[in-house]
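# Fold and contact review
What follows is each chain in one-letter form.
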Amino acid sequence: MAQRGFPPVPSVATMAALLLLAFLTLAIHGQAASPDVGTIKILGFTYAGDGCPPGSAEGAVSDDGQAITVMFSKYTASTDAGLDGLRKKCAVTVNLSYPPGFRFHLGTVTMRGYAKLDAGTSGTAQTSYYISGTTGTAKANRVIAGSFDDNYEFTDQFGVLVYSECNVVRDLNLVSEVRLKPGNPAKSAQMTVDSQDLKLTQEFAIIWESC
Ligand SMILES: *[C@@H]1O[C@H](CO)[C@@H](O)[C@H](O)[C@H]1NC(C)=O
């Protein structure tokens with residue numbers, strides 16, 4: 001049967017319920033709003049760890065301020081390099097500048113790299129972040145099970161929301177670790193930079209809100 005005329009008008013009670021819901025959503029999440037394009041900059045970028053020797057990491061923030069990308073060129077965990085080779089880490093510190101009246105948290109991390117894992121082995125990539133001077137650490141974790149021999153790309157949500165402070169800019173600390181389980185009996189495993197662009201890349205989605 002063909003529908004004619006106006007769509008049904010929501011009742012006053014329905015409207016009131018929708019308004020209340022919208023109000024509660026705002027109260028809980030703050031007002032979703034982003035700083036203007038071009039106003040978010042990285043003022044400082046430092047890093048340390050056996051997964052990121054000097055000269056092997058760089059970072060950038062997208063023009064629209066919605067993503068921070070960190071690229072590593074020597075981040076390799078391997079069963080061929082003794083016990084130390086099984087686990088590599090890097091701690092990146094970003095001095096992010098943004099306009100007053102905003103705060104952010106990181107929503108997801110997308111990781112791109114390459115893994116070659118024999119059956120019985122596994123590789124784990126763990127990423128966490130915290131903001132200096134505030135409590136709380138958010139973590140995301142991904143396990144790849146052997147056998148696997150390919151570039152990978154995956155996106156994981158951070159388990160808890162850790163917010164920057166309002167109007168106080170503090171260091172953003174991005175901590176990552178790649179580790180291998182060689183299995184029993186031990187087999188060969190490697191988790192490292194991707195074969196196309198020779199980088200291991202982490203892309204963090206920045207979620208802004210006004211405060
Ligand atoms: C970030 O960089 C600016 C400019 O160099 C500096 O004034 C500020 O103290 C730095 N912030 C932190 C948290 O290191």
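Residues numbered from 1 in each chain as written. Predicted model: local features only at pLDDT ≥ 70, side-chain atom pairs only at ≥ 80, totals over all residues.

### A short note on the overall build of the chain
Broken down by element type, the chain carries one helix and 13 strands. Secondary structure elements of the chain, listed N to C terminal, follow the sequence α-β-β-β-β-β-β-β-β-β-β-β-β-β. Long-range pairs, those at least 24 residues apart, make up 75% of the contacts in the chain with a sequence separation of at least 6. (Helix = DSSP H or I, 4+ residues; strand = E, 2+ residues; numbered from the N terminus. Contact = placed C-beta atoms within 7 Å.)

### A closer look at the site of the ligand
Neighbouring the ligand are the residues Leu43, Gly44, Asn95, Val169, Arg170 and Asp171. Partitioning the shell around the ligand into residue classes produces two nonpolar, two polar and two charged. (Near = placed C-beta within 6 Å. Nonpolar A, V, L, I, M, F, W, Y, C, P; charged D, E, K, R; others polar.)

### Section: unusual backbone geometry
In this model, Gly146 is joined to Ser147 through a cis peptide bond whose omega is 0 degrees. Here the bond from Asn184 into Pro185 is cis, since omega is 0 degrees, no more than 30 degrees from zero. Positive phi, close to 65 degrees, is recorded for Asn167, a residue that is not glycine. With respect to the secondary-structure elements, Asn167 resides in the loop between strand S10 (148-157) and strand S11 (172-181).

### As for the nonpolar core
The biggest cluster of nonpolar side chains holds 39 residues, and the ones touching the most others in it are Ala57, Phe72, Tyr75, Cys90 and Val92. When residues in this core are grouped by element, the largest group, seven residues, is from strand S7 (residues 102-117). Dropping the residues within four chain positions of it, Ala57 is found in contact with Tyr47, Cys52, Val70, Met71, Phe72, Cys90 and Val92. (Core = buried A, V, L, I, M, F, W, Y, C linked by C-beta atoms within 7 Å. Buried ≥ 20, exposed ≤ 12 C-beta atoms within 10 Å, placed from the backbone.)

### Some remarks on the sheet that holds strand S9 (residues 138-145)
An order of S2-S6-S11-S8-S9 is seen for the five strands of this open sheet, with the pairing classed as antiparallel. Strands at the two margins of the open sheet, each flanked by one partner only, are strand S2 (41-48) and S9. Averaged over all pairs of adjacent strands, the angle between their axes in this sheet comes to 15 degrees, without regard to strand direction. Pairing geometry for strand S8 (residues 122-131) and S11, over 10 bridges, is antiparallel. Note that in S11 the partner of Tyr129 across the bridge is Leu174. (Pairing = 2+ DSSP bridges. Axes fitted to C-alpha atoms, helices over the stretch in contact; angles between N-to-C directions.)

### Examining the environment of Val168
By secondary structure assignment, the location of Val168 is in the loop between S10 and S11. Classification of Val168 by C-beta neighbours within 10 Å gives exposed; the count is 11.

### Section: the confidence of the model for the chain
Across the chain, the average pLDDT comes to 88, with 85% of residues at 70 or higher. When the criterion is pLDDT under 50, residues 1-9 qualifies, and its contacts beyond four places in sequence or with other chains add up to zero contacts. Residue range residues 23-28 is modelled with pLDDT below 50. Its contacts to residues more than four positions away, or to other chains, number one contact. (pLDDT = per-residue confidence, 0-100.)

### A word on the pairing of strand S3 (residues 57-61)
Only one face of S3 is buried: it carries Ala57, Gly59 and Val61, and the other face, with Glu58 and Ala60, is open. In textbook terms, the turn of a hairpin is the stretch between consecutive antiparallel strands, and for S3 and strand S4 (residues 67-72) this stretch comprises five residues, one of which, Gly65, has a positive phi near 70 degrees.

### Topic: the environment of Val109
Within the fold, Val109 resides in strand S7. In the structure, Val109 is positioned 45 residues away from Phe154 in sequence and 8.2 Å away in space, judged by C-alpha atoms. The contacts of Val109, once residues within four sequence positions are left out, are Thr127, Ala140, Asp156, Gln202 and Phe204.

### Let's talk about the environment of Ala91
Relative to the helices and strands, Ala91 is located in strand S6 (residues 87-97). C-alpha of Ala91 to C-alpha of Thr46: the two residues are 45 residues apart in sequence and 8.4 Å apart in space. Apart from residues lying up to four places away in sequence, Ala91 is in contact with Tyr47, Ala48, Gly49, Asn173 and Val175.

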